[in-house]
Amino acid sequence: MDNRFTIYNSLSRKKEPFTPLHPPFVGLYVCGPTVYSDPHLGHARPAVTFDLLYRYLMHLEYMVRYVRNITDVGHLENDADEGEDKIEKKARLEHLEPMEVVQKYINSFLKNMEQLNTLHPSIEPRASGHIIEQQQLIEELIKKGYAYEVNGSVYFDVLKYNEKYKYGKLSGRVLEELQSNTRTLDKQDEKRNPFDFALWKKATPEHLMRWPSRWSDGYPGWHLECSAMSIKYLGEVFDIHGGGMDLQFPHHECEIAQSTAAQGKESVRYWMHNNMITINGQKMARSLGNFITLDQLFIGNHPLLTQAYSPMTIRFFLLQAHYRSTIDFSNEALLAAEKGFQKLMKGIETLDKLKPSLTSTIDIPSLRKKCYEAMDDDLNSPVLLSYLFEGVKYINSVSDGTEKLSINELTSLKDLFKVFVFDILGLKDENISKGDEKLTSELMKIIINLRQGAKNKKEWAESDKIREDLKNAGIILKDLKDGAEWEME
RNA sequence: GGUCGGUUAACCGAGUGGCUAGGUAGCGGUCUGCAAAACCGUUUACGGCGGUUCGAAUCCGCCACCGACCUCCA
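Residues numbered from 1 in each chain as written. Chains lettered and ligands numbered in written order. Predicted model: local features only at pLDDT ≥ 70, side-chain atom pairs only at ≥ 80, totals over all residues. Heavy atoms only, no water.

Undergrad: What's the story with helix α7 (residues 224-234) in this structure? I'm lost.
TA: Residue pairs spaced three or four apart in an α-helix point in one direction, given the helix's 3.6 residues per turn. Judged by how many residues are buried, α7 sits mostly within the fold: 9 of 11 residues are covered. Three or more residues of α7 are buried, namely Leu224, Glu225, Cys226, Ser227, Ala228, Met229, Ser230, Tyr233 and Leu234. Following α7 by one or two positions, Gly235 has its phi on the positive side, about 100°. (Buried < 20%, exposed > 50% of the residue type's maximum accessible area, 1.4 Å probe, protein only. Helix = DSSP H or I, 4+ residues; strand = E, 2+ residues; numbered from the N terminus.)

Encoded structure:
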């Protein structure tokens, strides 16, 4: 495969041709969720974005190892809440074991991800399952002089790191500015500098999630897991690291510092960040309380929703925007996405019924080329969709007889839709009535024939009543030149 | 305050130094017993002010507004 595929590297702030370190293998690491409450629309964005990447890389015949972690320990509440562990806090509130909380929300996360038709990553490692690896990394950092212990906790020495490497290169931050901007003057702070971050925290007596170590009974810092697990599963240097833009600082910056300090070299070659979903112009986040969970979207029970939206509508909605743009949530936008998605699916249904002609009036190879160009350009799914809609227009024109497709071109167009819509964009037809499909279609044939009889006798009242009754039952009847077709509402 | 990004028609959202993005919604038409679908045509655009250029919504500068991030025990 020639590598025309370019991706925007957050590190260089430029689009770069993608060349894996060890082709045909590609290592991909993506920051997964902290599992302490139900997944919301914001979680769907990275999941779908990197699913798209994963699918496209595989389509390009790369052998991809896709690692997406699950944070089940170490992610503390920020500022507001005394820095309690997010999961422990939830456990206390719900009277559950921390690991019960973790299990509950892993289950709902994975369920929602399946509904969105994202493929399972190759490995989904959990932070709590890699305490040893994280401790080893801490040892390494202490040995190399980039970490120090105070009262049983271990901190990363950012100032020391900055002497040799540049701290802040990913987020464009300069240490001196960070220093001057730091607002706290904590008297009892154990850290040498406010911007140092915890690698290991000594557990207070009431803290539940704790592991023994030579420093203290404690737990790992949040940033550590990603360094430890990416190195373990993808090696010291790997191709792509993804995650939400809000993780750039401090999380990814700290990851870079940890991995670089421990290994003497950087581990990530391409950093990719998806943008946020906004609601009324503001980031949708649990901490802001303005989020809509995926279940609420699928069921439709949220004050801001006028109806339920299917998982594929949500997926289509996300794919209609480029992953590096913010995408604003609204009912209107979702409604438009729902219609658009249905139009695409109907087009594909029509495509299956097209009859070939002897000649073609449409140039399918050039359409195919444009589709690849869109994907190669940093996963430009909205542009790809616009070309697919161009394809739908062709399909409908052929169906209407204003355009023609030869057998070869028709086959090629079918393949194009299969590849781009289902394999790469990961959309799927959600049409109901799968179970009794055969019976239903036989019954519908009979009903349509009866109605045709009435129509032949110009008994319009009768034929309209049949159509009306069907509509009330959720079946839409469409009269065509020869006969009629139907679909579920 | 610092860093980064954004501002495109009714809504959502691409993109490019000169050529229709696309979807949804409007409007007019074709088809149809009527409707729906489909097709054809079509209406609202590039935040403001300057500059570069034969030409800028696109490049540069300034301004306005919006957003993200600015750590771990606030």
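Undergrad: What is the right way to look at unusual backbone geometry in this model?
TA: The bulk of non-glycine residues show a negative phi, and the bulk of peptide bonds are trans. Note that the residue after Pro23, namely Pro24, is joined by a cis bond; omega there is 5°. With respect to the helices, strands and loops of the structure, Pro24 is situated in the loop between β2 (14-17) and β3 (25-30). At the junction of Phe249 and Pro250, the peptide bond is cis and its omega measures out at 0° in the coordinates. Relative to the elements of secondary structure, Pro250 occurs in helix α8 (residues 248-263). Phi is positive for His95, which is not a glycine, with a value near 55°.

Undergrad: What should I look at first to understand the confidence of the model for chain A in this one?
TA: Confidence in the prediction for chain A averages 87 pLDDT; 92% of positions are at 70 or higher. Across chain A, the element-wise mean pLDDT spans from 65 in helix α6 (residues 175-181) up to 97 in strand β4 (residues 63-68). Counted against residues more than four places away or in other chains, residues 78-82, with its pLDDT under 50, gives 2 contacts. Considering only residues more than four positions removed or in separate chains, one finds that residues 183-188, a stretch of pLDDT under 50, has 2 contacts. (pLDDT = per-residue confidence, 0-100. Contact = heavy atoms within 4.5 Å.)

Undergrad: What is the right way to look at the pairing of β4 in this model?
TA: Regular strands place side chains that alternate from one sheet face to the opposite one. Taken together, the 6 bridges between β3 and β4 define a ladder with parallel strand orientation. Of the residues in β4, the one forming a bridge with Gly27 is Arg65. The parallel pair β3 and β4 is bridged by helix α1 (residues 41-59), and the resulting crossover is right-handed. (Pairing = 2+ DSSP bridges. Right-handed = clockwise from strand over helix to strand, strands pointing away.)

Undergrad: Got a minute to help me understand the pattern of salt bridges in this structure?
TA: Within this structure, the stated rule accounts for 25 salt bridges. Residue Asp246 is joined to Lys283 by a salt bridge in which the shortest nitrogen-to-oxygen separation is 3.2 Å. In this pair, Asp246 sits in the loop between β9 (238-244) and α8 while Lys283 sits in strand β12 (residues 282-283), placing the two residues 37 residues apart along the sequence. We note a salt bridge from Asp423 to Lys418, for which the minimum N-O separation is 2.9 Å. (Salt bridge = Lys/Arg side-chain N within 4 Å of Asp/Glu carboxyl O.)

Undergrad: Sorry, what's going on with the sheet that holds β9 here?
TA: Strands belonging to one sheet form pairs held by backbone hydrogen bonds; the direction of such a pair is parallel or antiparallel. One open sheet accounts for 4 strands, arranged β4-β3-β9-β10; its pairing is parallel. In this open sheet, the two edge strands, each paired with only one partner strand, are β4 and β10 (268-274). For this sheet, the mean angle separating the axes of adjacent strands, direction not counted, is 20°. For β3 and β9, the ladder comprises 3 bridges, and the chain directions are parallel. Its bridge partner lying in β9, Val30 is registered against Gly242. Packing of α7 onto the sheet brings it into contact with β3, β4 and β9, and relative to β3 it is tilted by some 160°. (Axes fitted to C-alpha atoms, helices over the stretch in contact; angles between N-to-C directions.)

Undergrad: It is not clear to me how helix α10 (residues 311-319) should be interpreted in this structure. Could you clarify?
TA: Of all 9 residues that make up α10, 9 are buried, and the element is covered over most of its length. Turning to α10, its buried residues number three or more, namely Pro311, Met312, Thr313, Ile314, Arg315, Phe316, Phe317, Leu318 and Leu319.

Undergrad: Help me out: how do you make sense of the nonpolar core in this one?
TA: When a protein is soluble and globular, its nonpolar side chains tend to lie buried together. One finds Ile240, Leu297, Phe329, Leu344, Leu388, Phe417 and Leu427 to be the most contacted residues of the largest nonpolar core, which totals 77 residues. No other element matches α1, which puts 10 residues into this core. Three or more residues apiece are contributed to this core by two domains, here domain 1 (6-274) and domain 2 (279-424). With residues up to four places along the chain from it excluded, the contact list for Leu427 reads Asn117, Met312, Arg315, Phe316, Leu319, Phe341, Leu344, Met345, Val421 and Phe422. Core analysis: the second largest hydrophobic core is formed by 38 residues, Ala147, Phe197, Trp222 and Met229 among them. (Core = buried A, V, L, I, M, F, W, Y, C linked by side-chain atoms within 4.5 Å. Domains from an automatic or database assignment.)

Undergrad: How should the packing of aromatic side chains be read in this particular structure?
TA: For any pair of aromatic rings, the description rests on two quantities: the centre-to-centre distance and the angle between the ring planes. Taken as a whole and assessed by the stated rule, the structure comprises 16 aromatic pairs. Seen in terms of ring centroids, Phe5 and Phe18 are 6.0 Å apart; in terms of plane orientation they differ by 70°. Their pairing is edge-to-face. On the criterion of sequence distance, the pair formed by Phe5 in the segment before β1 (6-9) and Phe18 in the loop between β2 and β3 is long-range, its members being 13 residues apart. Here Phe5 matches Phe18 in class, with each residue buried. (Phe/Tyr/Trp six-rings, centres within 6.5 Å; stacked < 30°, edge-to-face > 60°.)

Undergrad: Can you walk me through the packing of α10 against helix α11 (residues 331-353) in this structure?
TA: Two quantities define a packed helix pair, namely the angle between the helix axes and the distance between the axes. For the pair α10 and α11, interaxial distance at closest approach is 8 Å and the crossing angle is 100°. Classified by the angle their axes make, α10 and α11 are roughly perpendicular. Listed contacts from α11 to Met312, Thr313, Ile314, Phe316 and Phe317 of α10 are Ala333, Leu334, Ala337, Glu338, Gly340, Phe341 and Leu344. (Parallel < 35°, antiparallel > 145°, perpendicular 65-115°, else oblique.)

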